[in-house]
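# Remarks on the overall topology
What follows is the residue order along each chain.
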Amino acid sequence: MADEIADVCLVGVGMVGGILAKELATAGLKVVGFERGAALTREDYAVRDSIHFVVRNALLDWVRHEPTTFRNSPDQRAVLQFPTTNALGGRMLTWTGQSARFSPDDFKVFSGEIASGVAARAGADLAGYEIYDWPIGYDDLEPYYERYEWEFGVAGGGDPNPFAGPRRRGYPLPPLRTSARMELFEQACKKLGYHPYQSAAGILSQPYRPAAPYDSRIEERTACAYCGHCNFYGCHVGAKTSALETVIPVALSTGNVDLHTNSKVFRINSDDSGKITGVSYFTPQREIKEQRARVVILCGFVFENARLMLLSENKGKAGLANSSGAVGKGVFAHADLHTTGLFDDYLINGFIGPNSAAIRMDDFNGNNFDHTGLGFIRGGAFATGGDGTPVQRYDNIPPGIRRWGKEYKEFLAHAYTRTFSISATTEALPHSDNLIDIDPDHKDDWGIPVPRVTFAFKQNERKLQRHFLALGETLMRGTGASKVWQSRLPNFGSRWAGGIRMGADPKTSVVNGYGQSHDIDNLFVMGASVFPTLTGYPATATISALAYRTAEYIMGQRDWFK
Ligand SMILES: Cc1cc2nc3c(=O)[nH]c(=O)nc-3n(C[C@H](O)[C@H](O)[C@H](O)COP(=O)(O)OP(=O)(O)OC[C@H]3O[C@@H](n4cnc5c(N)ncnc54)[C@H](O)[C@@H]3O)c2cc1C
Ligand code: SF4
């Protein structure tokens with residue numbers, strides 16, 4: 001399709017790119033997909049080798065050649081970080097599998113908590129934050145959450161979460177098996193009067209193939225073997241859901257997708273009127289080529305989406321679709337706070353089973369609790385999930401234990417099977433100091449400047465995090481642990497989002513509720529980039545729902561493709 005004009009060009013064929021490729025190609029559109037990583041096979045990504053995947057980060061290898069840089073404040077020199085995965089199918093290949101819908105309140109933080117007076121009653125200092133409601137709500141996404149859950153295969157159910165939004169249908173698969181860590185945490189939550197529930201997981205608890213009205217072209221996959229090697233690895237039996245084993249094969253089977261792997265897009269091109277005309281990319285042999293397209297969709301994840309928009313030119317000016325000046329602004333991430341308990345007389349064996357087989361508790365998520373006088377708004381989710389293989393836990397040592405030698409070895413040998421952690425996934429709000437721009441000092445292997453993230457948790461987050469450490473300690477003591485210790489407050493986030501805000505007002509946002517640029521009709525941005533605010537839940541279910549919804553919107557624009 002190189003010399004033809006594609007209907008749609010996808011920049012990045014990870015999870016979002018996979019969904020869009022399947023949906024749009026099935027509707028008969030000619031899709032060209034560029035993926036800077038390779039097309040891996042199970043032999044590449046599913047070997048049970050902790051040193052290879054966890055210590056040496058093998059799946060991040062390509063990213064080493066084009067890193068992101070990071071600093072906490074403008075007076076620091078940004079240092080190199082490798083926070084993403086480059087491979088066909090994207091980060092879902094190595095994800096943990098926690099699957100959560102956002103709750104209805106999460107889409108309305110401005111009106112629900114600032115305009116309504118919650119923030120004032122809390123005494124929250126929100127100076128410097130830029131908080132806007134989403135232009136869409138839970139009800140707009142509900143049917144698409146369902147599509148994602150039934151096509152990718154999500155296990156859930158059991159005790160309902162009283163804080164969840166309404167669902168039209170249950171889950172396609174029953175919940176995963178429980179384990180000692182889950183039972184201990186659940187009992188402690190109940191004892192303290194909270195509402196624990198088994199969180200949903202993108203992991204098959206039984207063999208599964210979607211049936212109509214969902215996409216029955218997705219092949220049957222087998223059930224989880226509870227090997228405990230989910231996080232940072234691919235699944236060796238295909239039970240952990242991934243774009244590579246669901247939507248991407250179906251997209252390719254349509255014959256309407258021209259897929260280029262090991263091919264990196266470095267610029268989005270436009271004509272004198274400002275309309276997008278296509279992209280420029282490096283072939284695997286590093287030749288520069290151009291692909292023309294009627295519609296371009298950026299699906300390269302948070303850092304790369306912002307980088308491409310900042311590096312491309314439009315109407316002779318640097319930057320794309322940036323009349324609001326908001327491109328790259330308002331980037332945010334979770335802080336993960338861990339509280340670990342040691343049980344001298346009780347075997348936990350926390351390494352068993354998938355990390356995402358978890359009990360979660362939302363009593364302190366979002367606006368689910370009374371914030372009066374707390375000094376902050378929003379919250380986070382408490383959960384206990386899988387505790388990982390030995391190399392993932394070598395540094396989870398309580399104060400007072402030496403970190404080398406005999407004492408260290410004896411402690412690890414005793415504690416590895418007798419500990420588990422409760423994690424609090426706490427929310428960050430978008431702050432005007434937290435942004436992605438272009439690093440003036442570092443270039444990637446192709447000579448292109450890399451994205452630079454400037455990010456620090458600010459006053460609302462720090463108060464919230466201290467509150468959550470205290471709650472985490474109370475919860476862990478409630479399990480009966482003989483020794484309890486906690487992680488420090490982090491300076492780096494997990495699960496990044498923001499930077500290309502969606503919103504109703506083109507003056508303060510870059511894209512609309514479909515991820516379509518306010519400035520340029522035929523440019524879309526997808527993924528967590530477009531989130532105006534976060535929540536204590538992981539993002540993938542919401543990202544997927546947005547992608548299904550946008551695919552439907554684009555398919556409705558038949559005039560664009562005549
Ligand atoms: C270890 C780990 C655990 C996780 N656990 C969870 C979890 O439990 N629950 C949850 O909800 N989420 C989790 N996530 C996050 C989840 O994986 C992401 O939300 C999801 O993959 C995002 O999809 P995406 O398509 O936006 O981005 P990605 O899946 O990252 O895909 C982006 C793709 O674009 C490609 N690309 C980027 N730039 C270019 C370019 N210039 N040219 C060509 N290609 C490009 C990349 O190589 C990549 O393949 C986890 C992530 C990781 C890494
Ligand atoms: S725990 Fe289950 S889903 Fe995770 S890698 Fe093992 S078999 Fe796959």
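First things first, this report covers the structure right here in the doc. (Residues numbered from 1 in each chain as written. Chains lettered and ligands numbered in written order. Predicted model: local features only at pLDDT ≥ 70, side-chain atom pairs only at ≥ 80, totals over all residues.)

Given 3.6 residues per turn, any residue in an α-helix points the same way as the ones three and four places further on. With 16 residues, helix α12 (residues 540-555) extends 23 Å between its outermost C-alpha atoms, agreeing within 8% with the 22 Å of an ideal straight helix rising 1.5 Å per residue. The element α12 is largely enclosed, with a buried count of twelve among its 16 residues. Taken residue by residue, α12 has Thr540, Ala541, Thr542, Ile543, Ser544, Ala545, Leu546, Ala547, Tyr548, Thr550, Ala551 and Ile554 as its buried positions. (Helix = DSSP H or I, 4+ residues; strand = E, 2+ residues; numbered from the N terminus. Expected span 1.5 Å × (residues − 1). Buried ≥ 20, exposed ≤ 12 C-beta atoms within 10 Å, placed from the backbone.)

On to the site of ligand 2. Within the structure, ligand 2 sits among 14 residues, and Cys224, Cys227, Cys230, Cys235 and Pro354 are positioned closest to it. Residues of the shell around ligand 2, tallied by class, amount to ten nonpolar, three polar and one charged. (Near = placed C-beta within 6 Å. Nonpolar A, V, L, I, M, F, W, Y, C, P; charged D, E, K, R; others polar.)

This part takes up the site of ligand 1. Close to ligand 1 lie 36 residues; Gly12, Gly14, Gly90, Gly300 and Thr540 are nearest. When contributions to the shell around ligand 1 are tallied by element, the ones reaching two or more residues are α1 (15-26), β7 (264-270), α9 (301-311) and α12. The leading source of residues in the shell around ligand 1 is α1, at three residues. Of the residues contributing to the shell around ligand 1, the split by class is 14 nonpolar, 17 polar and five charged.

Our focus in this paragraph is the pairing of strand β2 (residues 31-34). Judged by which residues are buried, β2 turns out to be covered on both faces: Val31 and Gly33 on one side and Val32 and Phe34 on the other are all buried. With four bridges connecting them, strand β1 (residues 5-11) and β2 associate as parallel partners. Along β2, the bridge assignment pairs Val11 with Phe34. Once you follow β1 into α1 and on to β2, the crossover reads as right-handed. (Pairing = 2+ DSSP bridges. Right-handed = clockwise from strand over helix to strand, strands pointing away.)

With 149 residues, the main nonpolar core has Leu10, Val11 and Ile297 as its most contacted residues. Counting residues per element, this core draws most heavily on α12, at eight residues. Setting aside anything within four residues of it in sequence, one finds Leu10 in contact with Gly17, Leu20, Ala21, Val31, Gly33, Phe34, Ile297 and Cys299. (Core = buried A, V, L, I, M, F, W, Y, C linked by C-beta atoms within 7 Å. Contact = placed C-beta atoms within 7 Å.)

Attention now goes to the pairing of strand β12 (residues 329-342). With eleven of 14 residues buried, β12 is to be regarded as a mostly interior element. Sheet analysis places β12 next to strand β19 (residues 494-499), joined by four bridges and oriented antiparallel. Each residue of the ladder has a partner; that of Phe332, found in β19, is Ala497. Where β12 meets strand β15 (residues 419-426), eight bridges bridge the pair, whose relative direction is antiparallel.

To continue, consider the packing of α1 against α12. Where α1 meets α12, the closest approach of the two axes is 9 Å, and the angle between their N-to-C directions is 30°. It follows from the interaxial angle that α1 and α12 lie roughly parallel. The hand of the α1/α12 crossing is right-handed. Residue-level inspection shows Met15, Val16, Ile19, Leu20, Glu23 and Leu24 of α1 in contact with α12, the latter providing Thr540, Ile543, Ser544, Ala547, Tyr548, Ala551, Ile554 and Met555. Tallied by class, the residues present in the contact of α1 with α12 amount to eleven nonpolar, two polar and one charged. (Axes fitted to C-alpha atoms, helices over the stretch in contact; angles between N-to-C directions. Parallel < 35°, antiparallel > 145°, perpendicular 65-115°, else oblique. Left-handed = near helix turned anticlockwise from the far one by under 90°.)

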